[in-house]
Amino acid sequence: MMAEVQQDEGHPQAARATLLRMPAGSPLMPVAAFKLALIDNESDHLDEARDKLLALVKDNPELVLPVSELGNTEASRKNWQGAFAAYDKAVNLSRAGAPLRGVKKEYWSLLFLRAVTSYELGNWPKAKADLKEALALQPDNPLLLNFLGYSMTEQHEDLAEAERLLRKAVELDPDDAAIRDSLGWVMVERGDLKEGTQLLERAVAQTPEDPEVNYHLGEVYWRMGRHREAVDHWNLALELKPEPRDEKLIRGALARAGNLPDKQASVSLSGLPAGK
């Protein structure tokens, strides 16, 4: 299809124009509508993508791809309830053997996406169950190992098992900074500040503009008594526009530093909104 060539060559608007010229009665109209929704997603026109996908799901309730892409769109909009509903439907359709229309959408990835939305909604037991089912299908998948191990660390649940999962993930993908950050964080939480520091410093060197990694390194520095360095990394993390959940942790860390009796840490609040 010409639109695919145009999209692959980096001309999304030309691809859009080609798809919009599709005759209304063409049997390829659902395919064209799906590709238009993908273009809308990639160009950050999320509301338009959502409308197209809702219509496709209504007209083709047996297909996995439109409903799973609807989940992706809702996740991009931070509508976690909507994303969960879409991924849940996609998982159930896939489990029932619904047609995929020639595009292989592996079942484990749908479980993973549903787990992510469950975690965002605060349903850790549901997220963990989906991650374990996905991992049973893909035992050597670094993405799954990392997400499960890091989530267990965040939940302070079986840190020894979390470490095992994350060490395996690092072995499988030794150059991934996010996985190294996760392993460093679980080591910090287990009390091994030396190894945790080494891992987190390397992760920051790889991804210096990642707010979460800078927050983690600041935390281990704080626990080691390196308070000024900790505050520097927390201030940097705040400037890097973290996700709301991480921002809350960073602000809490800076508030803690500002309340030191001996004023060891000099906290810069210049970037904080009034009232925070």
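Everything below is about the structure shown above.
Note that this is a predicted model, so its numbers are computed, not measured.

(A) Representation of the packing of helix H6 (residues 80–95) against helix H7 (residues 107–120). Two numbers describe how H6 lies on H7: the axes approach to 9 Å, and their chain directions differ by 155 degrees. In terms of orientation, H6 lies roughly antiparallel with respect to H7. Note on packing geometry: the crossing formed by H6 with H7 is left-handed. Contact with H6, carried on its side by Trp 80, Ala 83, Phe 84, Tyr 87, Asp 88, Ala 90, Val 91, Asn 92, Ser 94 and Arg 95, involves Tyr 107, Leu 110, Leu 111, Leu 113, Arg 114, Thr 117, Ser 118 and Glu 120 of H7 and no other residues of that element. When its residues are assigned to classes, the contact of H6 with H7 shows ten nonpolar, four polar and four charged.

(B) Just unusual backbone geometry, in detail. Of note, His 156 is a non-glycine position whose phi angle comes to about 55 degrees, a positive value. Tracing the chain through its elements places His 156 in the loop between helix H9 (142–154) and helix H10 (159–172). The residue Lys 241 is not glycine, and still its phi comes out positive at about 55 degrees. Residue class for Lys 241 comes out exposed when judged on its relative accessible area of 75%.

(C) Focus on helix H5 (residues 64–76). With 13 residues, H5 ought to run about 18 Å at 1.5 Å a step, and its terminal C-alpha atoms sit 19 Å apart, in line with that. Among the 13 residues of H5, eleven are classified as buried, and the element is accordingly described as predominantly covered. Within H5, burial applies to Val 64, Leu 65, Pro 66, Val 67, Ser 68, Glu 69, Leu 70, Gly 71, Thr 73, Glu 74 and Ala 75. After H5 finishes, the residue Lys 78 shows a positive phi value of roughly 60 degrees.

(D) Spatial organisation of the nonpolar core. One finds Trp 124, Leu 131, Leu 144, Leu 148, Leu 183 and Val 186 to be the most contacted residues of the largest nonpolar core, which totals 42 residues. Among the elements that make up this core, the one with the highest residue count is H7 (eight residues). Residues Tyr 150, Tyr 221, Trp 222 and Ala 237 belong to the second largest nonpolar core, which totals 21 residues.

(E) Quick peek at helix H8 (residues 124–137). In this model, H8 (14 residues) spans 20 Å end to end at C-alpha, consistent with the 20 Å of a helix rising 1.5 Å per residue. Taken residue by residue, H8 has Trp 124, Ala 127, Asp 130, Leu 131, Ala 134 and Leu 135 as its buried positions. End-on, the buried residues of H8 take up no more than an arc of 135 degrees, which puts them together on one face. Projecting away from the buried face of H8 at angles above 90 degrees are the exposed residues Pro 125 and Ala 136. Those residues of H8 that are buried lie in contact with H7, H9 and H10. The N-capping residue of H8, defined by a side-chain oxygen 3.1 Å from the backbone nitrogen of Lys 126, is Asn 123.

The rules behind these values
Residue numbers here run from 1 along each chain, matching the order of that chain's written sequence. Local features in this predicted model are restricted to residues of pLDDT 70 or higher, and side-chain atom pairs are both shown and tallied only at a pLDDT of 80 or more, whereas totals for entire chains, interfaces and linings draw on every residue. By convention in this description, side-chain values take in all heavy atoms of the structure and omit both hydrogens and water. The convention used is that axes are lines fitted to C-alpha atoms, helices contributing only their stretch in contact, and that angles between N-to-C directions extend from 0 to 180 degrees. Numbering of helices and strands runs from the N terminus, with a helix taken as a DSSP run of H or I at least four residues long and a strand as a DSSP run of E at least two residues long. Working rule for angles: under 35 degrees goes down as roughly parallel, over 145 as roughly antiparallel, 65 to 115 as roughly perpendicular, anything else as oblique. For any pair of crossing helices, the crossing counts as left-handed if the nearer helix is rotated counterclockwise from the farther one by less than a right angle, and right-handed if it is rotated clockwise. Throughout, a residue-residue contact means that at least one pair of heavy atoms, one from each residue, lies within 4.5 Å. Amino acids outside the nonpolar list (Ala, Val, Leu, Ile, Met, Phe, Trp, Tyr, Cys, Pro) and the charged list (Asp, Glu, Lys, Arg) are all regarded as polar, and Gly is one of them. Three exposure classes are used, based on accessible area relative to the maximum for each residue type with a 1.4 Å probe and protein chains only: buried under 20%, partly exposed in between, and exposed over 50%. For a helix, the expected span equals 1.5 Å multiplied by the number of residues minus one. What makes a nonpolar core is a set of buried Ala, Val, Leu, Ile, Met, Phe, Trp, Tyr and Cys residues whose side-chain atoms join them at distances within 4.5 Å. Of all possible arcs, the one meant is that of the directions from the helix axis to the C-beta atoms. Nitrogen and oxygen atoms within 3.5 Å of one another constitute a polar contact, given that in protein one can donate a hydrogen and the other can accept it, and given that sequence-neighbouring residues count only through two side-chain atoms.

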